[in-house]
Amino acid sequence: MKKLCFALLLVLCLSFAASANVAFTVVDNFYTSGTAGLVTSDAEGTLTTTKNVVTGLNGDHNVYSFNNAAGKSRVMISQYTMNQPDTVWIYDPSLGDWATPIEVQWADMSNRRGVATIDSSLYAIAYDNPKVVKVDMTNETYTQTASYTFTSDLSGAGYNLHGEAILAEGEYIYALFTAEKGAFPNFEYAPSKLVKLDASLNVVASANVGKNAVKMAAYNGKIYVSSIGGSQLYGDYNRGSAIEMVDPATMAVTELFKASDMPADWAYDFREVVFRGDTDAFILAGAYAKDQMTFGGKIFKTTAAEIQAGNIGEEFADTTDTSYMGMGWIWEMNYDALLDKLVCASGFLIAIYDPDGDGTAEEIDSKAMGGNLTSVGVIVADKDVEKPDQTPTPTPTPTPTPQGSSGSSSSSCNAGFAGIALLMLLPVIAVRRKNK
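Rules behind the numbers
Residues numbered from 1 in each chain as written. Predicted model: local features only at pLDDT ≥ 70, side-chain atom pairs only at ≥ 80, totals over all residues. Heavy atoms only, no water. Helix = DSSP H or I, 4+ residues; strand = E, 2+ residues; numbered from the N terminus. Buried < 20%, exposed > 50% of the residue type's maximum accessible area, 1.4 Å probe, protein only. Contact = heavy atoms within 4.5 Å. Areas by Shrake-Rupley, 256 points an atom, 1.4 Å probe, with all protein chains shown as cover. Pairing = 2+ DSSP bridges. Phe/Tyr/Trp six-rings, centres within 6.5 Å; stacked < 30°, edge-to-face > 60°. Lys NZ or Arg CZ within 6 Å of the ring centre and 35° of its normal. Axes fitted to C-alpha atoms, helices over the stretch in contact; angles between N-to-C directions. Salt bridge = Lys/Arg side-chain N within 4 Å of Asp/Glu carboxyl O. Core = buried A, V, L, I, M, F, W, Y, C linked by side-chain atoms within 4.5 Å.

Chemist: What should I look at first to understand the overall build of the chain in this one?
Modeler: What the chain contains, in helices and strands, is 4 helices and 28 strands. Across the 436 residues of the chain, 56% fall into the buried class. Expressed as a percentage of contacts within the chain between residues at least 6 apart in sequence, the contacts between residues at least 24 apart total 54%. Of the roughly 17,300 Å² of accessible surface on the chain, 52% is carried by carbon and sulfur atoms.

The structure is reproduced here in structure tokens:
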């Protein structure tokens with residue numbers, strides 16, 4: 001009996017020690033309340049989707065993953081409420097406890113766009129306020145210790161300044177900011193600014209990059225910036241859209257791809273570039289239709305070497321979410337190194353690809369996720385952990401409504417197609433998400 005109990009305890013501990021692969025957040029049809037869920041994988045690579053793992057979210061949220069001060073995996077859900085600091089919930093995915101997060105708020109961090117880490121410090125960037133904050137992660141305290149505010153002469157010319165993306169490369173933080181003025185959908189953009197900061201958030205250098213820059217990736221000592229080229233042109237694509245390479249040592253900028261230089265049948269903005277180790281590079285490109293809700297997107301597969309020569313490679317996959325006529329506002333991708341999978345948020349779908357496959361995706365739709373997709377994040381592994389042998393299926397647990405937010409304790413609808421409510425609300429809500 002003692003041996004049996006010990007064996008059961010060991011199995012239980014091992015199941016909690018494994019971690020999930022992908023986290024996502026969804027919202028109900030009226031965009032008032034949301035939930036979060038997980039996509040996990042077993043040793044054979046079979047994917048399992050579990051919805052409502054976290055409940056009680058408000059109507060606007062994003063999920064991120066990072067390693068804490070000890071190098072352990074953490075999942076962050078950041079909830080946005082206008083004119084308030086985001087409410088942040090932080091989880092240890094290995095515990096299997098999604099009911100009791102660490103809850104924090106950081107001053108002026110409103111509408112978070114990304115996080116990065118250096119040693120025991122977490123850095124976050126905000127869209128509403130063009131700020132970067134430094135947070136001490138020692139002993140899971142997550143206490144803000146410093147901040148940087150992006151300033152520009154453009155603000156005096158009527159431009160609004162926004163934080164867009166952040167990453168750590170070596171001992172430095174790189175923060176991406178945009179400047180726009182005007183009204184949706186005809187915004188006017190100035191060149192974006194990539195700012196190099198030291199670990200204490202002192203400015204080291206900066207560089208101008210493409211207008212309306214939205215994503216960054218670091219590979220082999222270089223930073224790759226994807227920009228829309230200005231305002232999104234519904235029913236068309238922006239000829240100024242580009243992918244640029246920045247040398248962090250000199251902050252010199254090299255243009256690799258520009259939409260105006262592509263073949264005659266090209267019809268897309270450059271959205272993101274993702275690297276798969278030392279071999280493949282994947283480029284996500286797409287543009288919205290005149291209805292402002294339908295996005296046609298494609299993934300192109302090239303190599304890490306060829307991308308520097310401006311070779312976009314071959315079409316790998318069509319990412320359009322055909323189940324909902326391509327509707328939605330989330331088109332981005334990431335590489336899951338543990339599973340060796342390409343994870344693409346495609347409108348209201350999560351599409352998971354074998355990078356060596358034929359471009360056919362395993363799709364996870366709104367019904368499986370329990371609502372309309374708002375964000376997707378690949379969960380980073382512990383720094384000292386290899387690919388797990390097994391990943392447990394999480395048990396959904398209720399989570400309390402955050403303090404100081406407009407969260408609701410009700411769960412998202414199992415939405416499927418979002419109907420008339422979505423058709424009315426999506427163009428308005430999507431302004432901040434896809435075109436500021």
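Chemist: Explanation requested: the pairing of strand S2 (residues 34-41) in the structure shown.
Modeler: Along any regular strand the residues' side chains alternate between the sheet's two faces. The element S2 is extensively covered by neighbouring structure, given that 8 of its 8 residues are classed as buried. Neither face of S2 is exposed, since Gly34, Ala36, Leu38 and Thr40 on one face and Thr35, Gly37, Val39 and Ser41 on the opposite face are all buried. Both strand S1 (residues 22-27) and S2 contribute to a ladder of 6 bridges, which runs antiparallel. Paired with Thr25 across the two strands is Ala36, which belongs to S2. Where S2 and strand S3 (residues 47-57) come together, 6 bridges link them in antiparallel fashion. The residue bridging Thr40 from the neighbouring strand is Thr48, located in S3. Linking S2 to S3, which pair antiparallel, is a turn of 5 residues; within it Gly45 sits at a positive phi near 90 degrees.

Chemist: Would you mind going over the packing of aromatic side chains with me for this structure?
Modeler: One pair of aromatic rings is described through two measures. These are the centre distance and the angle between the planes. One pass over the structure, following the stated rule, counts 19 aromatic pairs. Pairing Phe187 with Tyr189 gives two aromatic rings, centres 6.3 Å apart and planes at 65 degrees, and the pair type is edge-to-face. Both residues of the pair, Phe187 and Tyr189, count as buried. Through a chain of ring-to-ring contacts, the aromatic side chains of Phe184, Tyr234, Tyr288, Phe295 and Trp331 assemble into a single cluster. Its end group placed over the ring of Tyr127, Arg113 keeps NZ or CZ at 4.4 Å from the ring centre. The ring of Tyr237 has Arg239 lying over it, and the distance from NZ or CZ to the ring centre is 4.0 Å.

Chemist: Quick question: what am I supposed to make of the sheet that holds strand S13 (residues 172-183) here?
Modeler: Paired through backbone hydrogen bonds, the strands of a sheet run either parallel or antiparallel to each other. Spatial ordering of the open sheet is given by S12-S13-S14-S15, a layout of 4 strands whose pairing is antiparallel. Each having just a single partner strand, strand S12 (160-169) and strand S15 (203-211) make up the two edges of the open sheet. Put simply, the sheet's adjacent strands are angled 20 degrees from each other on average, direction ignored. Strand direction decides the pairing type here: strand S14 (residues 186-197) and S15, joined by 7 bridges, are antiparallel.

Chemist: Just checking my understanding: could you explain the pattern of salt bridges for this structure?
Modeler: Pairs may arise between side chains of opposite charge once their charged atoms sit close together. All chains considered together, the criterion is met by 12 salt bridges. One salt bridge connects Glu164 with Arg113, and the closest N-O pair in it is separated by 3.9 Å. Note that Glu164 is positioned in strand S12 and Arg113 in strand S8 (residues 112-118), a separation of 51 residues in sequence. For Glu164, a relative accessible area of 5% corresponds to the buried category. Ionic pairing is found between Arg276 and Asp340, a salt bridge with its closest N-O pair at 2.8 Å. With Arg276 in strand S20 (residues 269-276) and Asp340 in the loop between strand S24 (331-336) and strand S25 (341-346), this residue pair connects regions lying 64 residues apart in the sequence. Accessibility expressed as a relative area gives 10% for Arg276, which makes it buried. The structure contains a network of salt bridges with shared partners spanning Arg276, Asp280, Asp340 and Asp356.

Chemist: Even after reading the chapter, I still don't get the sheet that holds strand S22 (residues 295-303), so can you show me in this structure?
Modeler: One open sheet accounts for 4 strands, arranged S20-S21-S22-S23; its pairing is antiparallel. With one partner strand each, in any of the chains shown, S20 and strand S23 (314-318) form the two edges of the open sheet. Neighbour-to-neighbour, the strand axes of this sheet turn through a mean angle of 25 degrees, independent of strand direction. As defined by bridge partners, S22 adjoins S23 across 4 bridges and the pair is classed as antiparallel. Bridge pairing in S23 links Ile299 to Ala317.

Chemist: How do you make sense of the pairing of S24 when you look at a structure like this?
Modeler: Of the strand pairs in this sheet, S24 and S25 are connected by 6 bridges, and their pairing is antiparallel. Looking across to S25, one finds that Asn334 is bridged to Val343. Counting the residues between successive antiparallel strands, the hairpin from S24 to S25 contains 4 residues, one of them, Asp340, with a positive phi of roughly 55 degrees.

Chemist: What is the right way to read the environment of Gly37 from this model?
Modeler: Mapped onto the fold, Gly37 is located in strand S2. The class for Gly37 is buried, based on a relative accessible area of 2%. Considering only alpha carbons, one finds Gly37 and Thr25, 12 residues apart in sequence, at a separation of 6.4 Å. Discounting residues that sit within four places of it in the chain, Gly37 has contacts with Val22, Ala23, Phe24, Thr50, Lys51 and Val53.

Chemist: How should the nonpolar core be read in this particular structure?
Modeler: Core analysis: the largest hydrophobic core is formed by 38 residues, its most contacted members being Phe24, Ile299, Met333, Leu342, Ile350, Tyr353 and Val376. If you list the elements that add at least two residues to this core, you get S1, strand S21 (280-288), S22, S23, S24, S25, strand S26 (349-353) and strand S28 (372-378). Formed by 23 residues, the second largest nonpolar core is a distinct cluster that contains Leu256, Phe270, Ile283 and Ala285.

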